[in-house]
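# Residue-level structural notes
Chain by chain, the residues:
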Amino acid sequence: MGRVRRHPQGLGLRRRPAPLHPPGRPEAVDDTAAALLNFDGISYAKGASALRQLVAWLGEKNFLAGINIHFERHRFANATLADFIDSLAAATDRDVHAWADAWLRTTGVDTLSPRVAAADGTCALTVDRAGSRPHRITVGLYDHDLTDEGRLTPREHLGLDVPQTAPQPIGKRPALILVNDGDLTYAKIRFDTESFEAARTGLSGLPDPLTRAVVWNALRDAVRDGELPPTAYLETARTHLPLETDLALAQGVLAFAAQQITDRYLRPEQRPAALATLSSLCRDLLRRTEDGDNPGLRLIAVRHFIDVAAHPDTIAAWLADGTVPGGPELDPELRWRILGRLAVLGATDEAAVAAELARDPSASGQEGAATCRAALPDPEAKRAAWDAMFATDDLSNYLFTATARGFWQPEQADLVRAYVPRFYQDAVALAARRGPAIAAAAGRWAFPYHAVDADHLALGETCLREAEPVAALRRKLVDELDDLARALRARGE
């Protein structure tokens, strides 16, 4: 029905390009509207990671000493960022002011990669850095378990400062070298060749969920940067996710595999096979959870099975029975989710939507009905949904978002192709009329996310250059067009 920490860098969140200002300290905030634009995934995920890295870089003892100095100095007054940095600097010999310049006043994200040099049967490790920030990280060394071929066991965890002053001896070559194990810093990580193969074949055998999350995020970033084929990520998910027990990991990996890889990064002719793969994966999770021991994981599997269904029979039977065999019973959210997918597949109609709305006339029911109606593969339904979003100002923010979530569907690309160029003109006009909240909703939810082609990218770039969209819309369009460019690179276009 649409696109739906302690896991690193926001599993399940789409990483955005570097903002025009550093995280946590904008260069200038002209008014409250400008301030609101700066609260996003970067502010929260990157800001939290920067604080976590500061603790690791200073050491917990020095960090707490600096915090106590700060509280003592400013207990009856307000304080600035400069005051905070001065307090931390008073508790350590490290150059905290240089750290603040590198982390809080510099945009972008560093990339950390392991490099191994072997001589006389032993190895030395150097962590290469693409970027400019100092990092204090943990590097995990993992060996294959001698009694379980699919399991990786930790040998040692090394604390390293990056950039290093000298290579770090590590003895015999481990199967997996995992940079930033424990997620102490905000950075992309890469693998050397041997570690990449060990990670892909032994991912579910890593004992700690946070370690698995670091690996999954590294694979996701490699896909988004065009360095790993989307099919390789999907194959890895098919192999390892049926064995996953952590709810956030299962949700994040399935969401990325469905919403980004299957809907956008793969070519249309590859999509049916990808949907079949994800359906099979979800079936495995459903079988694993039949005993009722993990209802949260089962609910995630049910939701994603609905979302990737390529044929209506199974989910239509669930809707008719009011339950998934083995549970759960269908609550209103699941009923609307199924009806929305049936609408996309052309397996329901307006009468069924109206009947479900009579059954659930709540506010969330109104939103579910709006999504279903916009998802119907009918020219008149699409025209009515578009007019409701852009030709009138009658929809609330919630109903606008619900309608937008149903409108664009990869299965209906030909039906809605003519609306792609209309989006930019109509969204700019709507945003100017209705203000920043609707502007942000239009830029995110009404964006033609399925239209992955160079012509669409050119349309969006022209809009940014020439149409003067309001700031809230511009911010969302920049984000979405960056994602679009990444999807084109992943397709090799």
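The preceding data block contains the structure.
Below: a short report on this structure.

Criteria and thresholds
Residues numbered from 1 in each chain as written. Predicted model: local features only at pLDDT ≥ 70, side-chain atom pairs only at ≥ 80, totals over all residues. Heavy atoms only, no water. Helix = DSSP H or I, 4+ residues; strand = E, 2+ residues; numbered from the N terminus. Rg over C-alpha atoms; globule rule 2.2 N^0.38 Å. Buried < 20%, exposed > 50% of the residue type's maximum accessible area, 1.4 Å probe, protein only. Areas by Shrake-Rupley, 256 points an atom, 1.4 Å probe, with all protein chains shown as cover. Core = buried A, V, L, I, M, F, W, Y, C linked by side-chain atoms within 4.5 Å. Contact = heavy atoms within 4.5 Å. Pairing = 2+ DSSP bridges. Axes fitted to C-alpha atoms, helices over the stretch in contact; angles between N-to-C directions. Phe/Tyr/Trp six-rings, centres within 6.5 Å; stacked < 30°, edge-to-face > 60°. Lys NZ or Arg CZ within 6 Å of the ring centre and 35° of its normal. Expected span 1.5 Å × (residues − 1). Disulfide = S-S within 2.5 Å. Salt bridge = Lys/Arg side-chain N within 4 Å of Asp/Glu carboxyl O.

Counting its secondary structure elements, the protein contains 21 helices and 7 strands. The C-alpha atoms of the protein give 25 Å as radius of gyration, which agrees with the globular expectation for 493 residues (23 Å, within 12%). The C-alpha extent of the protein, read off along each of the three principal axes, is 70 × 60 × 45 Å. Residues classed as buried in the protein amount to 51% of the 493 residues present. For the protein, the exposed area adds up to about 21800 Å²; of that, 53% sits on carbon and sulfur atoms.

Okay, the nonpolar core next. Ranked by internal contacts, the top residues of the largest apolar core, which has 119 residues, are W318 and F400. Sequence-distant contacts of F400, defined by excluding residues within four places in its chain, comprise M389, F390, L395, L430, I438, A441, A442 and A446.

Taken together, 3 strands build an open sheet; the order of strands is β4-β3-β6 and the sheet is antiparallel. Both edges of this open sheet fall to β4 (152-162) and β6 (176-178), since each of them pairs with a single strand only. Geometrically, the sheet is characterised by an average inter-axis angle of 20° between neighbouring strands, direction not taken into account. As defined by bridge partners, strand β3 (residues 135-144) adjoins β4 across 10 bridges and the pair is classed as antiparallel. Bridging from a neighbouring strand, D143 pairs with T153 of β4.

Within the structure shown, the criterion is met by 17 aromatic pairs. On the numbers, 5.3 Å between centres and 35° between planes, the contact of F305 with W318 is tilted. Highlighted residues: F305 in helix α11 (residues 295-307) and W318 in helix α12 (residues 313-321), separated in sequence by 13 residues. Across the pair, exposure class does not vary: F305 and W318 are buried alike. Where F407 meets W408, the ring centres are 4.9 Å apart and the plane angle is 80°; that geometry is what we call edge-to-face. Note on F407: relative accessible area 0%, which makes it buried. Residue classification places W408 among the buried residues on the basis of a relative accessible area of 1%. An aromatic cluster of three or more residues is present, and its members are W386, F390, F400, F407, W408, Y419, F423, Y424 and F447. In this structure, R94 packs its charged tip against the face of W57, placed 4.8 Å from the ring centre. The ring of F407 is capped by K382, whose NZ or CZ atom sits 5.0 Å from the centre of that ring.

A rise of 1.5 Å per residue sets the reference length of helix α21 (residues 471-491), with its 21 residues, at 30 Å; its end C-alpha atoms lie 30 Å apart and thus fit the reference within 8%. Among the 21 residues in α21, 16 count as buried, and that is most of the element. Residue G492 follows α21 closely and has a positive phi angle near 75°.

Cis geometry is adopted by the peptide bond preceding P163, which originates at V162 and carries an omega value of 5°. Topologically, P163 is positioned in the loop between β4 and β5 (168-171). Positive phi values are uncommon outside glycine, yet D120 reaches one of about 55°. One can find D120 in the loop between β1 (111-119) and β2 (122-130). In this structure, E468 is a non-glycine residue whose phi angle is positive, near 55°. Within the secondary structure layout, E468 lies in the loop between α20 (454-466) and α21. By relative accessible area, which is 67% here, E468 ends up exposed.

So, about the state of the cysteines. Tallying each qualifying case throughout the model produces 0 disulfides. The structure places no disulfide on C282, whose sulfur is separated from the nearest cysteine sulfur, that of C372, by 20 Å.

The next point concerns the pattern of salt bridges. Going through the model one piece at a time under the given rule, you end up with 33 salt bridges. Among the salt bridges present, the one from D192 reaches R173, with a minimum N-O distance of 2.6 Å. Placement of the pair is D192 in the loop between β7 (188-189) and α6 (193-202) and R173 in the loop between β5 and β6, with a sequence separation of 19 residues.

Before going further, it helps to examine the pairing of β1. Relative to β2, β1 runs antiparallel, the two being bridged by 9 bridges. Following the sheet pairing, A119 is matched in β2 by T122. Hairpin connection of β1 to β2: 2 residues between the antiparallel strands, including D120 at a positive phi of 55°.

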